[in-house]
Amino acid sequence: PLVTVRWPVVDPENLVSSDVLPLLQDADSVTVLLLGMGVRFVTVDAALRQDLRQAGIGLEVMDTGAACRTYNVLMAEDRTVAAALIAV
């Protein structure tokens, strides 16, 4: 089932695992997390990448517009995807 929750993150520069992992607690078998970083690309902390990798979740980082488009494509393919989006 599709679930939407408010994500209070507004600053991609200081994103850490504790900002993302709670979003995935109720997600069933998410294999890919799309991280929409607003209007520009920001490098993601290595610890966050490692935590997601250990949870068996791939991470794709892009601007929010691209993340929205990619989410729609992957959902249409019945992929188990989640998106964490910073507003533009």
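Higher on the page you've got the structure.
Scope of this entry: the structure provided in the associated data block. (Residues numbered from 1 in each chain as written. Predicted model: local features only at pLDDT ≥ 70, side-chain atom pairs only at ≥ 80, totals over all residues. Heavy atoms only, no water.)

1. Some details on the sheet that holds strand 1 (residues 32–36)
The strand order across the open sheet built from 3 strands is 2-1-3, with neighbouring strands paired in parallel fashion. The open sheet terminates on both sides in strands that have one partner only, identified here as strand 2 (58–62) and strand 3 (81–85). Averaged over all adjacent pairs, the angle separating strand axes in this sheet is 20°, with direction ignored. As paired elements, strand 1 and strand 3 share 5 bridges and run parallel to each other. (Pairing = 2+ DSSP bridges. Helix = DSSP H or I, 4+ residues; strand = E, 2+ residues; numbered from the N terminus. Axes fitted to C-alpha atoms, helices over the stretch in contact; angles between N-to-C directions.)

2. A short note on the pairing of strand 1
Most of strand 1 is tucked away: 5 of the 5 residues are buried. A two-sided burial pattern is seen for strand 1, the buried positions comprising Val32, Leu34 and Gly36 on one face and Leu33 and Leu35 on the other. As judged from the 5 bridges shared by strand 1 and strand 2, these two strands associate in the parallel manner. For valine 32, the partnering residue across the bridge sits in strand 2 and is glycine 58. Handedness of the crossover joining strand 1 and strand 2 through helix 2 (residues 46–54) is recorded here as right-handed. (Buried < 20%, exposed > 50% of the residue type's maximum accessible area, 1.4 Å probe, protein only. Right-handed = clockwise from strand over helix to strand, strands pointing away.)

3. What about the pattern of salt bridges?
Under the counting rule described, the total for this entry stands at 2 salt bridges. Among the salt bridges present, the one from glutamate 13 reaches arginine 40, with a minimum N-O distance of 2.9 Å. With glutamate 13 in the segment before helix 1 (17–24) and arginine 40 in the loop between strand 1 and helix 2, this residue pair connects regions lying 27 residues apart in the sequence. Residue glutamate 13 is classed as partly exposed on the basis of its relative accessible area, which comes to 48%. (Salt bridge = Lys/Arg side-chain N within 4 Å of Asp/Glu carboxyl O.)

4. Things to note about the packing of helix 1 against helix 2
The contact between helix 1 and helix 2 brings their axes to 9 Å, and the two run at 25°. In terms of axis orientation, helix 1 runs roughly parallel to helix 2. Every pair of crossing elements has a handedness; the one defined by helix 1 and helix 2 is right-handed. Packed against helix 1, whose contacting residues are Ser17, Val20, Leu21 and Leu24, the element helix 2 presents Ala47, Leu48, Asp51 and Leu52 at the interface. (Parallel < 35°, antiparallel > 145°, perpendicular 65-115°, else oblique. Left-handed = near helix turned anticlockwise from the far one by under 90°. Contact = heavy atoms within 4.5 Å.)

5. Looking at the environment of aspartate 51
Mapping aspartate 51 onto the fold places it in helix 2. The class for aspartate 51 is partly exposed, based on a relative accessible area of 28%. Sequence-wise, aspartate 51 and serine 17 are 34 residues apart; in three dimensions their C-alpha atoms are separated by 6.9 Å. If we skip the residues at most four places from it in the chain, aspartate 51 touches Ser17 and Leu21.

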